[in-house]
Amino acid sequence: MDEKYEEGRETVKGKISSFKGKWASLLAVMAIVLCVIMAFPFESAFAASDSYVWGSVNGRNMLPDEPIKISVRGYKVKSAYLEIYKFDAVEYYASGNDMWSLRSDKVKTKEFVKKVNVPSRITKNSFDSSVTLDPLAPGAYMVLVKSPQVTNSTEVIWFTVGRLGLITKQCKGELLVHAVNVMTGEPFDNVNIMCRPQSKGEVVNGVTDSNGIWRTSLDDMGNSSMIVGTYDNDVAVMYSSSWWDERENMVYMYTDRPVYRPGQQVSFKGIIRRQAESGYDIPSGQEVAVKVFDSKDNLIYDKTFNVNEWGSFYGDLQLSSEPPLGYYSINATIGDEIHYSSFEVQEYRKPEWSVDVSFDKPVYVTGDEVEFTVQANYYFGSPVADGNVSYRIYRQEMGFIKTEEPQSWDDYDFDSYDYYNYYYGEYVSSGETVLDEGGSARVKFIPADANGKNYRYMVEVDVRDTTDRIASGRANVSVAKGLFDIKLETDRYLVGVDDTVKVNVFTADVDQNVVSEDVDVRIFSRKWTKKGSVDTPIDVKKIETAADGTAVFEFSPSISGNVILMAEGRDERGNLIKAEEYLWVWSSKASSDVSYQENVQVILDRDRYEIGDTASIMVTGPISCTHALFTVEGQRIKRADVIELQNGAAKIDVDITEDMAPNLFVCITMVNDGNMLTDQESLNVSVEHKGMVIEITSNKDQYKPGEVATYKVTTKTVDGEPIQAELSFGLVDESIYAIREDNTEDIRRFFY
């Protein structure tokens, strides 16, 4: 999510990314005090008198050569003036005072600077004026806003003057402070840091090193800290906070079904892993207090379990014959941590029929007429005749038309459509029809314009029978942009000038069969200017994929910056088929090759790494930036360096170790002309070795009432070797999922 904050005269540009995997980014404050603007007035005078006066300043941190504008407003006042003092910020904030409203009566050490009269501008009873102060010397200042017509006014605003800025990163038990020159972005060494954690109030002091960094470990840091930095007369004040899940344990809880009727038995299970620096530990023997609350928050179950050797606990709960309906909460308490799950209780009637939606073929081509069948059958086998059908059609963009089955655990995309069910995307059309005597209906539609893209179309159907009961079904189908598709892959995303890049070209038809096709691959560099992008051709490769639908070529880029590979081909209908891939070409020398850039960017050379690999990472920003704070973050700040930039860019290598799995975040922060710029990317590490394959087979495909069904469960490693495991095995009436879908999160995504 890109965010841009504009408040007053300063702008903060940053980026906060969604992530994959378990370890979250620190979500630490990366705030530069220069950009925390607008004073928050102390407003006790508002309640004390019918007359009041208050003020605000145009910046929290001002530069030494910068004029300072103070706005003053009042009610039933004829005149106002300012008393300006320097004050000791370290002393004030170390005493337990907060940042947002300064109390003049609690300021112990202050030095009078001057008194300034505010020009009188009155409209009826409203006083609205301002005064611009000449630049002040570095330091921390408080301004008392007063009026002869307001008795005992306590209105105070405050600001600092100087070139010192602070950036913080905070996680549980650790704080990093980076001191910078807010105009140049260069690190500030020998800055005195005062840190007062809000939770305990005990002050910790330190001094930044040659890289402008100070780190400290605090056992009980809480969620926020007051930070004051001083260098000679320069002062910077900030409030550092972070939002993280402090719980050390991961508890995956689920029930044997999503919804229950009164009087039924609820079976639940929890799998616990304790987060460690290098993965997970099993907290066997740990006590877990499980409580279940009904929809009215009444406690209906309370039992303590000991975690077994597999790291799990499980139990059963018998619902009463007339329980409150709605959602029930399962709370599992481990130490002072509470973990949650839920299930639903409803007085439902099981659906008596199911609705199946199917397409004539798995893939259509743009321009084809798409046809699907709706079939409604009672669970005992008879068709739902003469039912009323209503349907809705949506579509969403999709990638390469050939969908391979994942070859390994790492190939699964848990953020994809398949793992997060349906998202509706773009609405296409809707309609109604009627089932025939066989419980069937056929519907045709023409897909919307593809605009050169592949789409997945989703059809959602409701069937209402003659008794006015409803059942639903849905299905999806791919609609391709042409009779075949192209995919490009490079062996790396980040290379150096004159490095050899290997490019793989894949072609497949709409039936997902590999085919041989003629493809032109245009290679060009893309430079960004203030007016937009400029593309410069580099080369064109004439490619013919082999019978297996593949081709490989190599090239060596001679220009640094963005390099785009654009593949094009045409099918026999004349449809233009396109595919695109990009590279970033790194050079530390040729400044003329560096694109115009206002923001910062982290570029990884691969999507995923194996343990033992070395990740090549490039960071880019405005050419004027000379330094950047580079961090690798997980539950802790694993690495923190200040790197020197050449032409606004640098390349960093990070060795991949086992404790980085399943992912960490690579973060970069730069300061340029008073603005803080930041970006982050998830560094994903293979967890293939953590996977397990489960196979379930039955002794028969179909059973008669009263027969005994026998199931065989086999557990193997991803390499096919037998492995001992603890399992949950549930047998549930299929019709239950027509009432409530099972929304239990995929266990692989939960832990990895």
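For the structure, see preceding data.
Residues numbered from 1 in each chain as written. Predicted model: local features only at pLDDT ≥ 70, side-chain atom pairs only at ≥ 80, totals over all residues. Heavy atoms only, no water.

Ala661 connects to Pro662 through a cis peptide bond whose omega is 0°. Turning to its location among the elements, Pro662 is positioned in the loop between strand 49 (649-655) and strand 50 (663-672). In this structure, Lys124 is a non-glycine residue whose phi angle is positive, near 55°. If you trace the backbone, Lys124 turns up in the loop between strand 8 (122-123) and strand 9 (126-133). With a relative accessible area of 80%, Lys124 lands in the exposed category. Phi is positive for Asp386, close to 60°, though the residue is something other than glycine. (Helix = DSSP H or I, 4+ residues; strand = E, 2+ residues; numbered from the N terminus. Buried < 20%, exposed > 50% of the residue type's maximum accessible area, 1.4 Å probe, protein only.)

What follows is about the pairing of strand 13 (residues 174-181). Within strand 13, eight of the eight residues are buried, which leaves it mostly tucked inside the rest of the structure. Burial along strand 13 is two-sided: Glu174, Leu176, His178 and Val180 and Leu175, Val177, Ala179 and Asn181, pointing in opposite directions, are all buried. Here eight bridges tie strand 12 (residues 164-171) to strand 13, and the two strands are oriented antiparallel to one another. Residue pairing in the sheet places Lys169 in a bridge with Leu176 of strand 13. Following strand 12, the chain reverses through two residues before pairing antiparallel with strand 13; Gly173 in that reversal takes a positive phi of roughly 80°. The pairing of strand 13 with strand 16 (residues 213-217) spans five bridges and is antiparallel. Counterpart to Glu174 in the pairing with strand 16 is Ser217. (Pairing = 2+ DSSP bridges.)

With that settled, consider the pattern of salt bridges. Side-chain pairs of opposite charge can arise where the charged atoms are in close proximity. A complete count under the given rule lists 34 salt bridges for this structure. For Asp128, the salt bridge identified is with Arg73, shortest N-O distance 3.7 Å. With Asp128 in strand 9 and Arg73 in strand 5 (residues 68-75), the pair connects residues that are 55 residues apart, well separated along the chain. The exposure class assigned to Asp128 is partly exposed, which follows from its relative accessible area of 43%. Owing to a relative accessible area of 43%, Arg73 belongs among the partly exposed residues under this scheme. Here Arg442 and Glu371 are joined by a salt bridge, their closest N and O atoms 2.9 Å apart. Taken together, the residues span a long stretch of sequence, with Arg442 in strand 33 (residues 440-445) and Glu371 in strand 30 (residues 370-378) at a distance of 71 residues. Arg442 gets classed as partly exposed once you look at its relative accessible area, which sits at 43%. The buried category is assigned to Glu371, whose relative accessible area is 16%. Through salt bridges with shared partners, one network takes in Arg392, Glu460, Asp462, Arg474 and Glu741. (Salt bridge = Lys/Arg side-chain N within 4 Å of Asp/Glu carboxyl O.)

This brings us to the sheet that holds strand 43 (residues 576-586). Pairing within the open sheet is mixed, and its five strands lie in the order 37-43-42-39-40. Among the strands making up the open sheet, the edge pair consists of strand 37 (494-496) and strand 40 (532-544). On average, each strand axis in the sheet is inclined to that of its neighbour by 30°, with strand direction left out of account. Pairing between strand 39 (residues 518-529) and strand 42 (residues 561-570): seven bridges, direction antiparallel. Residue pairing in the sheet places Ile523 in a bridge with Leu565 of strand 42. (Axes fitted to C-alpha atoms, helices over the stretch in contact; angles between N-to-C directions.)

Here the focus is a nonpolar patch on the surface. Residues Met692, Ile694, Ile696, Tyr711, Val713, Ile723, Leu727, Phe729 and Leu731 make up a contiguous nonpolar surface patch of about 800 Å² in total accessible area. Among the elements that make up the nonpolar patch, the one with the highest residue count is strand 52 (residues 692-698) (three residues). The residue Ile694 is located in strand 52 in this model. A residue is classified by how much of its surface remains accessible, and Ile694, at 44% relative accessible area, is partly exposed. (Patch = residues over 30% accessible without salt bridge, like charges linked within 9 Å, V, L, I, M, F, W, Y side chains within 5 Å. Areas by Shrake-Rupley, 256 points an atom, 1.4 Å probe, with all protein chains shown as cover.)

The next thing to look at is the sheet that holds strand 27 (residues 337-345). What links the strands of a sheet is backbone hydrogen bonding, and the strands pair in either a parallel or an antiparallel sense. The strand order across the open sheet formed by five strands is 20-27-26-23-24, and the pairing between neighbours is mixed. At either end of the open sheet lies a strand with only one pairing partner, and these are strand 20 (259-260) and strand 24 (299-306). Both strand 23 (residues 287-293) and strand 26 (residues 326-334) contribute to a ladder of five bridges, which runs antiparallel. Bridge assignment links Phe293 to a residue of strand 26, and that residue is Ser329.

One pass over the full model with this rule turns up 26 aromatic pairs. Seen from their ring centres, Tyr92 and Tyr93 are 4.9 Å apart, and the 85° between their planes marks the pair as edge-to-face. An identical accessibility class is assigned to Tyr92 and Tyr93; each is buried. Taking the centre distance of 4.9 Å and the plane angle of 85° together, the rings of Phe750 and Phe751 count as edge-to-face. Exposure remark for Phe750: the relative accessible area of 18% places this residue in the buried category. Chaining the aromatic ring pairs together yields one cluster made of Tyr252, Tyr254, Tyr280, Phe750, Phe751 and Tyr752. Directly above the aromatic system of Tyr85 lies the positively charged group of Lys110, at a separation of 4.9 Å from the ring centroid. (Phe/Tyr/Trp six-rings, centres within 6.5 Å; stacked < 30°, edge-to-face > 60°. Lys NZ or Arg CZ within 6 Å of the ring centre and 35° of its normal.)

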